[in-house]
Amino acid sequence: MIKTKKKDIRKMTPDQIKDFLTENGEKGFRAKQIQDWLWKSSVKSFDEMTNLSKKTRELLSENFEILPISTFKAQKSSDGTIKSAFQLHDKHLVEGVLIPAEPRMTACISSQVGCSLTCSFCATGYMDRKRNLDAAEIYDQVVAINEQAMENFNTGLSNIVYMGMGEPLLNYKNVLESVEKITSPNGLGMSAKRITVSTAGVAKMIKKLGDDNVKFNLALSLHAANDEKRNKIMPINEQNNLNVLRDALKYFFSKTKSPVTYEYIVFNNFNDSIQDAEELYQFTKHLPSKVNIIEYNPISEADFLNAKVDKIQKFADYLSKKGVNVHIRRSRGKDIDAACGQLANKDKNKKK
């Protein structure tokens, strides 16, 4: 007898679960209970669904599976940052980070295993893209990091950023589905305005976000505001140059009325001059926005270094005098594998 492959129950809609139950002589209202267990309670086995009969749990177990992530390794920094390598059901690793910074408690989560964009300053860019994460795997990272926040700081998450491994807009469907689950009252019930999705700049999909009238925040990983420099560090710019990106962002804003955040890592003697700041101002002035100036966490694969502290301050001051809403984001987790991709890359050959 050929064994039928079990279906991943978290990829089924409530109606599909209800139909399955009624076809097997069970009460349809059990579907809502099952959904609550899967998403609100994030159970990892059907045996944990204690308000279902043993017979119902066995029926589910015979036909379906739950594929939760698990924490493969976690590192805690002296500044409170916790970085985790999460193992997926197929043994791949992705990263998630808890960033405590009063008054915020932020989860940084991944959307892909590896990345295809090969940004030269990013550890994930030196990994092959293995596959997209499904919505449940993205959701599970939030649940796991929220548990870390409660255990270590006695408070839950306030914010979520899709800034971990991978390009979220190249996993569009699953990313939007995960946001829907995170914000749903039948899931984690978080506000969409507490969620930021960061892109390296996929212009076509930025416009699609506008057409879909998303409620979450959008961030663009810019890092250089002239095409020659951006081409050097971010090959995606060759197909999505700054003019194309500017038009896409204007379109996004016209549809959503949501300001855009620009992420700008300052590299020593590369993009940290006052001329670079002026180019950044010229790029950002076209729509309501804010700029996050980010200190760099160096990686062994690349020669980039963080800009000098005084140069970063002068850079930010120049933008501020121009009326730009600018914030300097200090580097976190310097005493652990803090740069995105480092921990998973280091441990990919050590999986059990």
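Bear in mind the structure is a predicted one, so any value in this text is a computation, not a measurement.

**Let's talk about helix α8 (residues 242-256)**
Here is step 1: If you check α8, its first and last C-alpha atoms are 21 Å apart, about what 15 residues at 1.5 Å a residue would give, namely 21 Å.
Here is step 2: The complete set of buried residues in α8 reads Leu242, Leu245, Arg246, Ala248, Leu249, Phe252, Phe253 and Thr256. Summarising the axial view, the buried residues of α8 lie within an arc of 165°, below the 170-degree limit, and thus occupy one face.
Here is step 3: Residues of α8 that are buried in the fold lie against α6 (203-211), β11 (217-221), α7 (227-233), β12 (260-265) and α9 (274-284).
Here is step 4: Backbone nitrogen of Asn243 and a side-chain oxygen of the N-cap are separated by 3.1 Å at the start of α8; the cap is Asn241.
Here is step 5: In the segment just after α8, Lys257 is the residue with positive phi, at about 60°.

**Quick notes on the state of the cysteines**
Here is step 1: All told, the structure shown has 0 disulfides when counted by the stated rule.
Here is step 2: Unpaired in this structure, Cys119 has its nearest cysteine sulfur neighbour in Cys122, at a distance of 6.3 Å.
Here is step 3: The class for Cys119 is buried, based on a relative accessible area of 10%.

**Section: the domain arrangement of the chain**
Here is step 1: Along its sequence, the chain is carved into domain 1 (14-65) and domain 2 (70-336).
Here is step 2: For domain 1 versus domain 2, the distance between C-alpha centres works out to 36 Å.
Here is step 3: With 5 residues of domain 1 at the contact, the number on the domain 2 side is 7 residues.
Here is step 4: Buried area between domain 1 and domain 2, both sides added, is near 590 Å², and the carbon and sulfur share of it is 59%.

**Notes on the pairing of strand β13 (residues 289-294)**
Here is step 1: As paired elements, β12 and β13 share 6 bridges and run parallel to each other. Directly across from Val260, in β13, lies its bridge partner Ser289.
Here is step 2: Remark: the β12/α9/β13 crossover connection has right-handed handedness.
Here is step 3: A crossover links β13 with its parallel partner strand β14 (residues 326-329), the connecting element being helix α10 (residues 309-321), and its sense is right-handed.

**Considerations on the UniProt feature "active site" (unreviewed entry) in the chain**
Here is step 1: With numbering matched to this structure, UniProt assigns "active site" (unreviewed entry) to Glu95 and Cys340.
Here is step 2: Mapped onto the fold, Glu95 is located in strand β5 (residues 93-101).
Here is step 3: In terms of polar contacts, Glu95 uses its side chain to reach the side chain of Lys83, at 3.0 Å.

**Here we look at the sheet that holds β5**
Here is step 1: Pairing is mixed in the open sheet, where 10 strands are placed in the order β3-β4-β5-β6-β9-β10-β11-β12-β13-β14. The sheet terminates laterally at β3 (70-76) and β14, the two strands that pair on one side only. In this sheet, adjacent strand axes meet at a mean angle of 20° when their direction is disregarded.
Here is step 2: As defined by bridge partners, strand β9 (residues 159-162) adjoins strand β10 (residues 195-199) across 3 bridges and the pair is classed as parallel. Among the inter-strand pairings, Ile160 is bridged to a residue of β10, identified as Ile195.
Here is step 3: The strands touched by helix α4 (residues 135-153) within the sheet are β3, β4 (82-87), β5, β6 (104-108) and β9, with β5 carrying the most contacts at an inclination of about 40°.

**Re helix α2 (residues 30-40)**
At 3.6 residues per turn, the α-helix brings residues three or four places apart onto the same side.
Here is step 1: When α2 is considered as a whole, its buried residues turn out to be Ala31, Gln33, Ile34, Gln35, Trp37, Leu38 and Trp39.
Here is step 2: Elements in contact with the buried residues of α2: α1 (14-23), α3 (54-63), α4 and α5 (172-183).
Here is step 3: Backbone geometry just downstream of α2 places Ser42 in the positive-phi region, at approximately 50°.

**Concerning the packing of aromatic side chains**
Here is step 1: In total, this model carries 9 aromatic pairs according to the counting rule given.
Here is step 2: Taking the centre distance of 5.3 Å and the plane angle of 45° together, the rings of Phe121 and Phe267 count as tilted. Within this pair, whereas Phe121 is found in the loop between β7 (112-113) and β8 (131-132), its partner Phe267 is found in the loop between β12 and α9, the two being separated by 146 residues in sequence. With respect to burial, Phe121 and Phe267 carry one shared label: buried.

**Observations concerning the pairing of β10**
Here is step 1: Counting buried residues in β10 gives 5 out of 5 residues, a clear majority hidden from the surface.
Here is step 2: Here β10 shows no split at all, with Ile195, Val197 and Thr199 on one side and Thr196 and Ser198 on the other all buried.
Here is step 3: Taken together, β9, α5 and β10 form a β-α-β motif whose crossover is right-handed.
Here is step 4: Examined bridge by bridge, β10 and β11 share 4 bridges and lie parallel to one another.

About the thresholds
Here the residue index of a chain counts from 1 through its sequence in written order. Only residues with pLDDT of 70 or above have their local features reported here, since the model is predicted, and side-chain atom pairs are shown and tallied only from 80 upward, although totals for entire chains, interfaces and linings are computed over all residues. Note: side-chain values were computed over all heavy atoms of the structure, leaving out hydrogens and water. Secondary structure elements are defined from DSSP: runs of H or I of at least 4 residues count as helices, runs of E of at least 2 residues count as strands, and each element is numbered from the N terminus. Here, expected helix span is obtained from the residue count minus one, scaled by 1.5 Å. Burial classes follow relative accessibility: with a 1.4 Å probe on protein chains only, a residue under 20% of its type's maximum area counts as buried, one over 50% as exposed, and anything between as partly exposed. The arc refers to the directions leading from the helix axis to the C-beta atoms. Here, residues are in contact when the closest pair of their heavy atoms is within 4.5 Å. Under this definition, polar contacts are N or O atom pairs within 3.5 Å; protein pairs additionally need one hydrogen-donor-capable and one acceptor-capable atom, and for neighbouring residues in sequence, both atoms have to be side-chain atoms. In plain terms, two cysteine sulfur atoms within 2.5 Å form what is called a disulfide here. Domain limits in this description derive from either an automatic procedure or a database domain assignment. Note on definitions: buried area is the accessible-area loss of two parts on being combined, 1.4 Å probe, summed for both. At least two DSSP bridges between two strands are needed for those strands to be called paired. For crossovers, right-handed means that the path from the first strand over the helix to the second runs clockwise, given strands pointing away from the viewer. UniProt positions are given in the numbering used here, feature names are shortened, and annotations may be inferred rather than shown by experiment. To obtain an axis, a line is fitted to C-alpha atoms, over the contacting stretch when the element is a helix, and the angle between two such axes runs from 0 to 180 degrees between their N-to-C directions. Stacked, edge-to-face and tilted are the three classes for Phe, Tyr and Trp ring pairs, Trp counted by its six-membered ring, which pair at centre distances within 6.5 Å; planes under 30 degrees apart are stacked, over 60 edge-to-face, the rest tilted.

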